[in-house]
Each structure stands twice: as structure tokens, then as C-alpha cells.
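Below are the chains, spelled out letter by letter.
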Amino acid sequence: MDIKDAIGMKDAKDAPKTSAGAPVISIVIATHNRSIDVLENVDALLPQCVDQPVEVIVIDSASAPAHAEVLKNLKGRERLTFIRLDELGVARARNAGFEAGRGEWIALLDDDAVPRPGWVEAAIAHAARCDGQTAILAGRVIPRWPDNFEIPPSQLGPRARLLLSVVDENGFRDTTDHPIGVGANMLFRRSALKARGGFDVMSGRVGSNLASGEEAQMMTDLIRAGYRCWYSDAFVVDHKVHAGRLTRAWLTERARKEGEVELRGLKTPGQKIARAIKMLMATPVLSVFQVLDGPEREYYLRLNHNLGLLRKLFGLAS
């Protein structure tokens, strides 16, 4: 077997050719009531798009009138398509961007993520190295911490950091066996998304409900279907972490919602029963151990993840 086939990558010069004028990457930014954040995102992104085979699609997911008015400033921007939806939902908005996009790759950026200089060039270069079996390419997400917080960032463990969409690892490597990546900075192969029918609107966040994870569910589904996932630290965004998220209450609720989302990803009754039994056995132990909690353990987050799944399974979740 050729070494390039073995590692699932190839040289940029071997990348599939697109039709004349077609973008390689369609950058999709879904937003709801964060108009100022979106403008900062777009102002950092569009100068990088000049003479590059990319397009930018911003979807306003039913923002309030004041934010909708500000977002009108995006209309008419060169290389940018603006879409307004009157129905809430991040996954629904991302699907609208995916359907409007023409690129070989669909890149997701959060509205409060600011791409660093060189993001576009690095994303294009690394996507070009992916062979046809690679459908996911995740990028680096650096937190932009607030000035005020209940929990200092230094006291956050890896589970809490992931709940806050922090993906700060070095290297360029295949992560299929242990996938990493969040929707703040991630590329999906368009043909793979199309084959799956787009993102699950039942898994995506709607308004203030913290249940989210349509991109994580898509990663899981694509990997189960035989696709590969890669990570690169070369294309980077700064992701704003709002002060309200650096609290035990927010992280607890977020962990519970992650448990609910995990349950949705279990496809058969057998999978659900097996997972529930494992969690029922672990939950009493975690309930005791959480009194010994610390950043290196995060027992309270593990406990609430389990409780979220079990509550949803038994119809107790709101």
C-alpha cells in the first residue's frame, strides 16, 4: 500500500479539481442575536478571502429586530451571501448554509469566533491534502477569556474546556480513533454531509437551550460510515468565552445537555440499555466522589452527564 493511502492524506497537487469559478470552501456562519460578534468575525475573515477560492455565507437565525437591523450591514458585501431565517435553530441555520454553499468543503465558524490571519490559506492548504476518505478536518480553537469569572480558567479541566469549545492541541494528525473538534472551527466534506442529509435539527441548539452537538453527532455518524477525521493546528480562531459560562451552574447544565445529546446518538434499544446500565452503576460512585472534586477529576461534570442521559431516557428531562 502506498504510504499516502495508508495515512489517508495526499499532496496538495493531487487534490481533486473543482469546476471553473467554483469555491473550494464555503464558510458558513450561523448567528442569533450576536450581531456585533458577527461583524468582528466577518471583518477579520473577508480580507483573507480576496483572490481565494472561498465564499462566505452568513445565516441570521431569527435574530431580534435590533440585531437584524445591524446585520443588514452585511448585505452587499463582496464574496458574502446573507440569508435570513425566521425559525430558530443552529443546526437548521447551518443546513441552510450547507444547501446554499457550492464548495467541496463546508467550513463552520461560530459567530463569536474570530479567525486569525492566515486562516483561509491554511484551511485551503490542509483541506487539499485530504483524500476522498477524509470527511472531517477540525481546526484549533483558542479561548478568549473574559475579565470577570466565577471559575478561573486555570482551574478548568479538560472536560470543562471541551464544554467551552476549547480545542488547543498541537500538530496535524489523524484523530479518527479519538476525534476532536467543535463547530466553532471545523470543515466537513460537502458530499459526505449531503449523503447524511445535513445536520440533525433535533441535536442543534435552539435559543438559550444548551443542548447542542449536531456537529459532534455528524462526526460520529461519518466515522461510523467509514470516513476519517483529521485535526490541524494551522488554521486558528479566537473564541470568545462569555463570563456567564465560567460558572459551575452553566457547566453543570451544559454537561447534562451533553448527556441528552449522547442518548440521541445511540441508534438501537440495545445500545441505549447498555449505556444506561453502565451509567447507573457509575452514578452512585460519582455522587460520592464529587465531594473530592478538582480540575483533574471533574467528577461533577461526569455525574451530570450521566444524569442528563438517564433523565432523558426515562422521560424526566425538561
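As the structure is a prediction and not an experimental result, all values here were calculated from the model.

S.K.: How do you make sense of helix α4 (residues 90-100) when you look at a structure like this?
M.R.: Residues separated by three or four positions in an α-helix point in the same direction, a consequence of the helix having 3.6 residues per turn. Turning to α4, its buried residues number three or more, namely A91, A93, R94, N95, A96, G97 and F98. On its buried face, α4 is in contact with β1 (25-31), β2 (54-61), β3 (80-85), β4 (105-110), α7 (190-196) and α8 (214-224).

S.K.: Teacher, can you tell me more about α8 here?
M.R.: Turning to α8, its buried residues are E214, E215, Q217, M218, M219, D221 and L222. Taken from the residues just after α8, G226 is the one with a positive phi, measuring 105°.

S.K.: Please clarify how the nonpolar core should be interpreted in this entry.
M.R.: Here is a general trend for soluble globular proteins: nonpolar side chains tend to be buried in one another's company. In this structure, I25, I27, W119 and F188 are the most contacted members of the largest nonpolar core, which totals 63 residues. If one sorts the elements of this core by residue count, helix α5 (residues 119-128) sits on top with 6 residues. Apart from the residues lying within four places of it in its own chain, the contact partners of F188 are E104, W105, I106, L108, A135, I136, L193, F199, E215, M218, M219 and L222.

S.K.: Looking at this structure, I do not really get the side chain of D112. What am I missing?
M.R.: Following the sequence through the fold, D112 ends up in the loop between β4 and β5 (113-115). A distance of 3.0 Å separates polar atoms of two side chains, one belonging to D112 and the other to H239. The contact partners of D112, leaving out residues within four places of it in the chain, are R34, D37, D238, H239, K240 and H242.

S.K.: Could you clarify how one ought to interpret the pattern of salt bridges in this entry?
M.R.: Opposite charge on two side chains lets them pair, provided their charged atoms get close. Applying the stated criterion across every chain, the model contains 24 salt bridges. Measuring nitrogen to oxygen at the nearest pair gives 3.3 Å for the salt bridge that ties R94 to E215. Remark: E215 occurs in helix α8 and R94 occurs in helix α4; sequence separation between them is 121 residues. By the burial criterion, R94 is buried, and E215 matches it. Here the salt bridges share partners, and the residues they tie into one network are D37, E40, R144 and K240.

S.K.: Any chance you could explain the environment of K272 here in plain terms?
M.R.: Mapped onto the elements, K272 comes out in helix α10 (residues 269-289). Judged by relative accessible area, K272 falls into the partly exposed class, the value being 30%. Measuring from C-alpha to C-alpha, the distance between K272 and E262 comes to 9.7 Å, with 10 residues separating the pair along the chain. Ignoring sequence-local partners within four residues, the contact set of K272 consists of L263, L266 and L313.

Criteria and cut-off values
- Residues numbered from 1 in each chain as written.
- Predicted model: local features only at pLDDT ≥ 70, side-chain atom pairs only at ≥ 80, totals over all residues.
- Heavy atoms only, no water.
- Buried < 20%, exposed > 50% of the residue type's maximum accessible area, 1.4 Å probe, protein only.
- Helix = DSSP H or I, 4+ residues; strand = E, 2+ residues; numbered from the N terminus.
- Contact = heavy atoms within 4.5 Å.
- Core = buried A, V, L, I, M, F, W, Y, C linked by side-chain atoms within 4.5 Å.
- Polar contact = N/O pair within 3.5 Å; in protein donor to acceptor, adjacent residues only side chain to side chain.
- Salt bridge = Lys/Arg side-chain N within 4 Å of Asp/Glu carboxyl O.

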